[in-house]
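# Results of the structural survey
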Amino acid sequence: GHCAKVDGVVRCWRCDVCCSAGAPELRDLGDEAVRLLRFVADLEARGVAPRGRSQLADAMSGGALRKDVWQRLVDEAVCRDLLAPQCGQLVHFPVYTLTPFGRDIASRSAPPRILVEVGAERSAEVRLPAWRSAMEPPPILGAPSPEGQVVSRAE
């Protein structure tokens, strides 16, 4: 799903970017953002129904960027007020339309600088600590363990 912006950083705490041990790679995707915005503008101009996050990523995928990176770019475009999520009665997921600011960016010749955390090729592997039984559910972050210790990401 959509990563939420927490303290100025987009985080879901489930994907390879949010759960990585080190700082994830940042890449300037300004050119790709303009391509995405122009694609949405073209759909709107032709009267085509708005697309959801996965549909946009599928349409833009191919080339150098993976689908999950396109999804992160859609998330970043929402956070920067370039795309606006809309909920309708006919679909059960948000679809995205251009904002006036997004339309302005799409019409410019020079792309803006948009840094996006691109993550790793594969999702981060989640491992339980050695002292946990394989039969126990994974720990809830911030909750006390049976021993009374607070569970953190570092475990």
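Higher on the page you've got the structure.
Source: prediction; values computed, not measured.

### Thoughts on the packing of helix α1 (residues 30-45) against helix α2 (residues 53-60)
Packed helices, taken two at a time, are described by the angle their axes make and the gap between the axes. Put simply, α1 and α2 touch, their axes get as near as 11 Å, and they point 110° apart. What the angle tells us is that α1 and α2 run roughly perpendicular. For α1 against α2, the interelement crossing comes out right-handed. Across the interface between the two elements, Arg35, Leu36, Phe39 and Val40 of α1 pack against Leu56, Ala59 and Met60 of α2. Looking at the contact of α1 with α2, its residues break down into 6 nonpolar, no polar and 1 charged.

### Some remarks on the packing of α1 against helix α3 (residues 67-79)
At a minimum axis distance of 11 Å, the contact between α1 and α3 shows a crossing angle of 75°. In terms of their interaxial angle, α1 and α3 are classed as roughly perpendicular. Mapping the contact onto sequence places Glu32, Ala33, Arg35 and Leu36 in α1 and Trp70, Leu73 and Val74 in α3. A per-class count over the contact of α1 with α3 returns 5 nonpolar, no polar and 2 charged.

### Quick notes on the pattern of salt bridges
The final tally for this structure, using the stated rule, is 8 salt bridges. The closest approach of N and O atoms between aspartate 42 and arginine 46, which form a salt bridge, is 3.0 Å. What makes aspartate 42 partly exposed here is its relative accessible area of 35%. Residue classification places arginine 46 among the exposed residues on the basis of a relative accessible area of 54%. Between aspartate 104 and arginine 108 there is a salt bridge; the shortest N-O distance is 2.6 Å.

### Brief notes about α1
Spanning 16 residues, α1 covers 22 Å between terminal C-alpha atoms, matching the ideal 22 Å at 1.5 Å per step. For α1, the full list of buried residues reads Gly30, Glu32, Ala33, Val34, Leu36, Leu37, Val40 and Leu43. At the exit of α1 stands glycine 47, carrying a positive phi of roughly 75°.

How each quantity is defined
Residues numbered from 1 in each chain as written. Predicted model: local features only at pLDDT ≥ 70, side-chain atom pairs only at ≥ 80, totals over all residues. Heavy atoms only, no water. Axes fitted to C-alpha atoms, helices over the stretch in contact; angles between N-to-C directions. Helix = DSSP H or I, 4+ residues; strand = E, 2+ residues; numbered from the N terminus. Parallel < 35°, antiparallel > 145°, perpendicular 65-115°, else oblique. Left-handed = near helix turned anticlockwise from the far one by under 90°. Contact = heavy atoms within 4.5 Å. Nonpolar A, V, L, I, M, F, W, Y, C, P; charged D, E, K, R; others polar. Salt bridge = Lys/Arg side-chain N within 4 Å of Asp/Glu carboxyl O. Buried < 20%, exposed > 50% of the residue type's maximum accessible area, 1.4 Å probe, protein only. Expected span 1.5 Å × (residues − 1).

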